[in-house]
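Chain residues, written in single-letter form:
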Amino acid sequence: MTQQSVNDDVVEGDLPLGQRPQPGRRPPREVWLGDRGDEGRTAAESGLWTHATPVVTAPPRSTSAPRHGAVTRNETSADGRRTKRRIMGVDVARGFALIGMIAVHVLPATHGVDEEPTLQWSLFAGHSAALFATLAGVSLAFMTGGRHPRKGREGHRARVSILVRAIVLFLIGMTINLLDLPVYNILIYYGLMFLVAIPFTLMTVRWLLASSVFFAVVMPFVMQWSLSVLPAHVYGNPSYAELFTDPGAVLAELFLTGTYPALPWMTFICLGMALGRLPLSRDRVQVLLVIVGAVVAAIGWGVSLLMLWRFDLEDALLQATPWMTWEDVWTIQAFGPDPQMPNTTNLWLLLSGPHTNTPFALFKSAGMAMIALGIFLLLSRVIGKWLTWLGAMGSMTLTLYVSHLVFLSFVWTDGTPWFWYFVQIAVAALFAVAWQKALGNGPLERLVTKVSKGVAAAVVPVKKAPPRRRAETRAR
């Protein structure tokens, strides 16, 4: 008798002593469903197998079926692990970034006779927007496959979807700019960042981190050089008319010389995409985010202050810019430029003030973004239920941010800033929780997702899989 005939005729578990089953499909297995009637009981007691006991044959195990304890596709994220906590941590961090941006727009920046920066300004100015951009990069990584970037048709479809998202975000931002906004609108910059980020979605973690460092080190010098040849802050929040009548000035501002210039701020987008390709659901990675982020932020902030205090940077800046005083230098370090950095010397790039967009400022904000993400990922593991309202806000930041800008264009908040701050937070939290429980994603998020996925599916159609044949059950 050949080995093949042994496998065909002998049920698994009944092979002769010392005989191992060969690889390949196994025959149906008999499953005992219990005794039925006296005849079956007698046969069972006597050790004989009779047809009184009903027998059902189980089909062979499919190699494509999930293993015991495995997680199905609908229960996993881009990194292939259970992600309820991780996703909540990312949403909570995004909600925290939104709260910080509202604080910068509404709450006072100075206090006391000496007009020192307030705590909320020092904590959130520039850093909340950087955290928001970093988390946008994390989302881009998730949309393109997480730890394993999508290739082929799925990868093309994901990149087309990002392209459409970039256009929709830009159009929403330009439409909001038609209002009389008292603050700078970041959405138009985000749209361009998404556009520039498309080729980077093909990179691995190592290359994304290298790209982030490149943008942080090189682009500030390009920005500083461009201040002498390109217009800066001509329009602030440009509208459609200004984009068509003076496209050069608008694009220069959006890419290099504005408040959130797309090219220097690709530092945060590339960093976020690198983080999104890591197993963020692991506690070790979350702790490392906090530690590494603290080191990066300390380097960015500490080296800049060291240059000002110990290496006469202040004197060098005043000699290159004689119309400025030491108060002006420290004002830029504490509150940022108004509205752009002086371009008399590249030594200005050694400062780290908010929205200076220097290498040290970018490193400091990137480090603080890593700290915030790591902390909220860890907190969501322990007190996640207490952060539900913040996670709900983070799941629809586009809707809430646009609502915040519309609110500021109609309501004067300078008289009672803290009152209007808490009103906006309370209303946003209540709306986000109620909407999420009732309908899921926020209204603008649903619109952007529907449009981007619809266009992507039309441009790169989903290839239909061949129909699967049902496994037939055979009775023995």
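Under an unreviewed UniProt entry, the name given to the protein chain is Heparan-alpha-glucosaminide N-acetyltransferase domain-containing protein, and the source organism is Kocuria salsicia.

Draft legend 1. Quick peek at the overall build of the protein chain. Secondary structure assignment for the protein chain yields 19 helices and 4 strands. Per-residue burial for the protein chain yields a buried fraction of 47% across its 476 residues. For the protein chain, long-range pairs separated by at least 24 residues make up 73% of all intrachain contacts whose partners lie at least 6 apart in sequence. By element, 62% of the accessible surface of the protein chain is carried by carbon and sulfur atoms, the whole surface being about 25500 Å².

Draft legend 2. Broad picture of a nonpolar patch on the surface. A cluster of nonpolar residues, Val287, Leu288, Ile291, Val292, Val295 and Ile299, forms a patch on the protein surface that exposes about 490 Å² of accessible area. Checked against the element boundaries, Val287 lands in helix H12 (residues 283-310). Its relative accessible area of 38% is what places Val287 among the partly exposed residues.

Draft legend 3. Looking closely at unusual backbone geometry. Going from Asp338 to Pro339, the amide bond is cis rather than trans, its omega being -5 degrees. Assignment of secondary structure puts Pro339 in the loop between helix H14 (326-335) and helix H15 (359-383). Despite not being glycine, His355 shows a phi value in the positive range, around 65 degrees. The backbone of Asn357 sits at a positive phi, close to 60 degrees, despite the residue not being glycine. Residue placement: Asn357 occurs in the loop between H14 and H15. Accessibility expressed as a relative area gives 3% for Asn357, which makes it buried.

Draft legend 4. Focus on the side chain of Asn237. Looking at the secondary structure, you find Asn237 in the loop between helix H8 (205-226) and helix H9 (240-245). With relative accessibility at 15%, the residue Asn237 sits in the buried group. Here the side chain of Asn237 touches Val183 through a polar contact of 2.8 Å, landing on its backbone oxygen. With near-sequence residues (within four places) excluded, Asn237 lies in contact with Asn177, Leu181, Val183, Tyr184, Asn185 and Glu242.

Draft legend 5. Structural context of the packing of helix H17 (residues 397-410) against helix H19 (residues 443-459). The N-to-C vectors of H17 and H19 enclose an angle of 125 degrees; their axes lie 6 Å apart at closest approach. Taken together, H17 and H19 sit at an angle that is classed as oblique. The chirality of how H17 crosses H19 is right-handed. Along the contact surface, H17 presents Thr397, Leu398, Thr399 and Val402, while H19 presents Pro443, Leu444, Glu445 and Val448. When the residues that make up the contact of H17 with H19 are grouped by side-chain class, the tally is 5 nonpolar, 2 polar and 1 charged.

Draft legend 6. Local environment of the environment of Pro108. With respect to the secondary-structure elements, Pro108 resides in the loop between helix H3 (84-106) and strand E3 (110-111). Look at Pro108 and you get partly exposed, because its relative accessible area is 32%. Along the backbone, Pro108 and Thr118 are 10 residues apart, and their C-alpha atoms lie at a distance of 7.3 Å. Discounting residues that sit within four places of it in the chain, Pro108 has contacts with Thr118, Gln120, Pro417 and Trp418.

Draft legend 7. Quick look at the packing of helix H6 (residues 152-176) against H19. The interhelical angle for the contact between H6 and H19, taken along N-to-C directions, is 140 degrees, at an axis separation of 8 Å. With respect to H19, the element H6 is oriented oblique. When you trace H6 past H19, the crossing you get is right-handed. Contact residues: Arg157, Val160, Ser161, Val164, Arg165, Val168 and Ile172 in H6; Val448, Thr449, Val451, Ser452, Lys453, Val455, Ala456, Ala457 and Val459 in H19. Class assignment for the residues of the contact of H6 with H19 results in 10 nonpolar, 3 polar and 3 charged.

Draft legend 8. Inspection of H19 at higher detail. Counted at 1.5 Å a residue, the expected span for H19 with its 17 residues is 24 Å, and the 24 Å between its end C-alpha atoms agrees. Those residues of H19 not exposed but buried are Glu445, Val448, Ser452 and Ala456. An end-on view of H19 places all buried positions within 70 degrees of arc, on one side of the element. Of the exposed residues in H19, the ones pointing more than 90 degrees away from its buried face are Lys450 and Ala458. Close packing links the buried residues of H19 with H6 and H17.

Rules of the game
- Residues numbered from 1 in each chain as written.
- Predicted model: local features only at pLDDT ≥ 70, side-chain atom pairs only at ≥ 80, totals over all residues.
- Heavy atoms only, no water.
- Helix = DSSP H or I, 4+ residues; strand = E, 2+ residues; numbered from the N terminus.
- Buried < 20%, exposed > 50% of the residue type's maximum accessible area, 1.4 Å probe, protein only.
- Contact = heavy atoms within 4.5 Å.
- Areas by Shrake-Rupley, 256 points an atom, 1.4 Å probe, with all protein chains shown as cover.
- Patch = residues over 30% accessible without salt bridge, like charges linked within 9 Å, V, L, I, M, F, W, Y side chains within 5 Å.
- Salt bridge = Lys/Arg side-chain N within 4 Å of Asp/Glu carboxyl O.
- Polar contact = N/O pair within 3.5 Å; in protein donor to acceptor, adjacent residues only side chain to side chain.
- Axes fitted to C-alpha atoms, helices over the stretch in contact; angles between N-to-C directions.
- Parallel < 35°, antiparallel > 145°, perpendicular 65-115°, else oblique.
- Left-handed = near helix turned anticlockwise from the far one by under 90°.
- Nonpolar A, V, L, I, M, F, W, Y, C, P; charged D, E, K, R; others polar.
- Expected span 1.5 Å × (residues − 1).
- Arc of directions from axis to C-beta.

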